[in-house]
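Summary of structural features
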Amino acid sequence: VFHNQKESLFEEWERLSGKEELLGYDVFRTHGAPMLLVDPESGLILEANHAARSFYGYPDLAGMNIDRIDTHSPEEVRNGLSRARKMRRNIFGSRHVLADGSTRFVQVHAYPLTIHGIPVLFAMIIDETELAAAEFAVQQRNRWIVAGVLLALLLQSLAIVLLARSTVRRKAAERQARAQLGFNRSLIDTMPNGVFYKDRDGRYLGCNAAYTELTGLREEDIRGKTVGDLWPERSRRPILQ
């Protein structure tokens, strides 16, 4: 019965109309990081991007169960899916088995989404196998902070484009985005490292409190300026360049 339920779910997912027309679908499909869409109840992989298929070595992961590649016990996998679905724990360390039988240590970042009325887990897989054992603790901590910020921004973008199928939903997504941007800004402001972001012309769009403390300038004085505008003597503060 459970096998038939999984087949029914996969067939329903495959029949979704307009799936490929979603604004975020191409981002998911072509992104360089391995990504999966997983049924949180059964662990059935509904969709895998090109990077995931290349990483695991399978021509197609869709239709496989996550416990086929995760070395945890089936019960541990189910518990992990449940915690991720309920937002109790969303980052997991595990060993995943590739098609050639080798294993890789990965960090899985999994967050719940709803696509066309179907609840799924959006999972990003980060290969941590090659990390040096003697890496400084502060470097590792900063890596996770940056990875968390990037993941939050990616999830925000993905959630917006998946919801923006109509004018009404687009307006709802914009309201959600404003709240999420406020959260992202709060997250960035809590980082101990100076963080700034620029447009394509090299002009500052914003920065966090640590960066204003580092530079001695207010954010409103930095926004819209380039490094050359603020510090004509480029060799004076090489850390700012």
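Source: prediction; values computed, not measured.

Let's talk about the overall build of the protein chain
- Helix and strand content of the protein chain: 9 helices and 7 strands.
- Long-range pairs, those at least 24 residues apart, make up 40% of the contacts in the protein chain between residues at least 6 apart in sequence.

Examining a nonpolar patch on the surface
- A contiguous nonpolar patch, built from Val146, Leu150 and Leu153 and spanning about 240 Å² of accessible area, is present on the exposed surface.
- Along the chain, the position of Leu153 falls in helix α5 (residues 137-163).
- Taking relative accessible area as the criterion, Leu153 reaches 32% and is therefore assigned partly exposed.

Observations regarding the side chain of Asn208
- Along the chain, the position of Asn208 falls in the loop between β7 (204-207) and α7 (209-215).
- Judged by its relative accessible area of 0%, Asn208 falls in the buried class.
- A polar contact is formed between the side chain of Asn208 and the backbone nitrogen of Val195, at a distance of 2.9 Å.
- Here the side chain of Asn208 touches Tyr211 through a polar contact of 3.0 Å, landing on its backbone nitrogen.
- Apart from residues lying up to four places away in sequence, Asn208 is in contact with Arg185, Ile188, Asp189, Met191, Asn193, Gly194 and Val195.

Here's the deal with unusual backbone geometry
- One non-glycine residue, Met87, lies in positive phi territory at about 60°.
- Along the chain, Met87 turns up in the loop between α4 (74-85) and β3 (91-97).

Concerning the packing of aromatic side chains
- Tallied over the entire structure, the rule returns 4 aromatic pairs.
- With centroids separated by 4.9 Å and ring planes inclined at 80°, the aromatic side chains of Phe55 and Tyr56 adopt a geometry described as edge-to-face.
- The exposure class of Phe55 is buried, given its relative accessible area of 18%.
- Classification of Tyr56 as buried rests on a relative accessible area of 0%.
- Their ring planes at 50° and their centres at 4.9 Å tell us that Phe196 and Tyr211 sit as a pair that is tilted. Residue Phe196 is found in strand β6 (residues 196-198), and its partner Tyr211 is found in helix α7; the two are separated by 15 residues along the sequence.
- Three or more aromatic residues joined by ring pairs form one cluster here, namely Phe196, Tyr204 and Tyr211.

Things to note about the nonpolar core
- In terms of nonpolar packing, the biggest core is built from 23 residues, with Leu36, Ile45, Tyr56, Leu61, Ile66, Ile69 and Ile125 touching the most fellow members.
- Residue assignment for this core shows that the elements contributing at least two residues are β1 (35-38), β2 (45-48), α3 (50-56), α4, β4 (103-115) and β5 (118-127).
- If we ignore the near neighbours within four places in the chain, the residues touching Ile125 are Pro34, Leu36, Phe55, Tyr56, Val106, Gln107 and Val108.

Comments concerning α4
- Taking 1.5 Å per residue, 12 residues should reach 16 Å; α4 reaches 16 Å between its end C-alpha atoms and fits that length.
- Met87 lies just past α4 and shows a positive phi near 60°.

Considering the side chain of Asn49
- Tracing the backbone through its elements, the reader meets Asn49 in the loop between β2 and α3.
- Residue classification places Asn49 among the buried residues on the basis of a relative accessible area of 0%.
- Polar contacts involving the side chain of Asn49 include one to the main-chain amide nitrogen of Ala52, which spans 2.9 Å.
- Beyond its immediate chain neighbours, meaning those up to four positions away, Asn49 contacts Phe28, Arg29, His31, Ala33, Pro34 and Met35.

Quick notes on the sheet that holds β3
- Read across the sheet, 5 strands follow the order β2-β1-β5-β4-β3 without closing on themselves; strand pairing throughout is antiparallel. Edge strands, defined here as strands with exactly one partner in the open sheet, are β2 and β3. The mean inter-strand angle of the sheet, taken between neighbouring strand axes irrespective of direction, is 35°.
- In this structure, β4 lies alongside β5, joined through 10 bridges in antiparallel fashion. Across the sheet, residue Pro112 finds its bridge partner in β5, namely Leu121.

Cut-off values and rules
- Residues numbered from 1 in each chain as written.
- Predicted model: local features only at pLDDT ≥ 70, side-chain atom pairs only at ≥ 80, totals over all residues.
- Heavy atoms only, no water.
- Helix = DSSP H or I, 4+ residues; strand = E, 2+ residues; numbered from the N terminus.
- Contact = heavy atoms within 4.5 Å.
- Patch = residues over 30% accessible without salt bridge, like charges linked within 9 Å, V, L, I, M, F, W, Y side chains within 5 Å.
- Areas by Shrake-Rupley, 256 points an atom, 1.4 Å probe, with all protein chains shown as cover.
- Salt bridge = Lys/Arg side-chain N within 4 Å of Asp/Glu carboxyl O.
- Buried < 20%, exposed > 50% of the residue type's maximum accessible area, 1.4 Å probe, protein only.
- Polar contact = N/O pair within 3.5 Å; in protein donor to acceptor, adjacent residues only side chain to side chain.
- Phe/Tyr/Trp six-rings, centres within 6.5 Å; stacked < 30°, edge-to-face > 60°.
- Core = buried A, V, L, I, M, F, W, Y, C linked by side-chain atoms within 4.5 Å.
- Expected span 1.5 Å × (residues − 1).
- Pairing = 2+ DSSP bridges.
- Axes fitted to C-alpha atoms, helices over the stretch in contact; angles between N-to-C directions.

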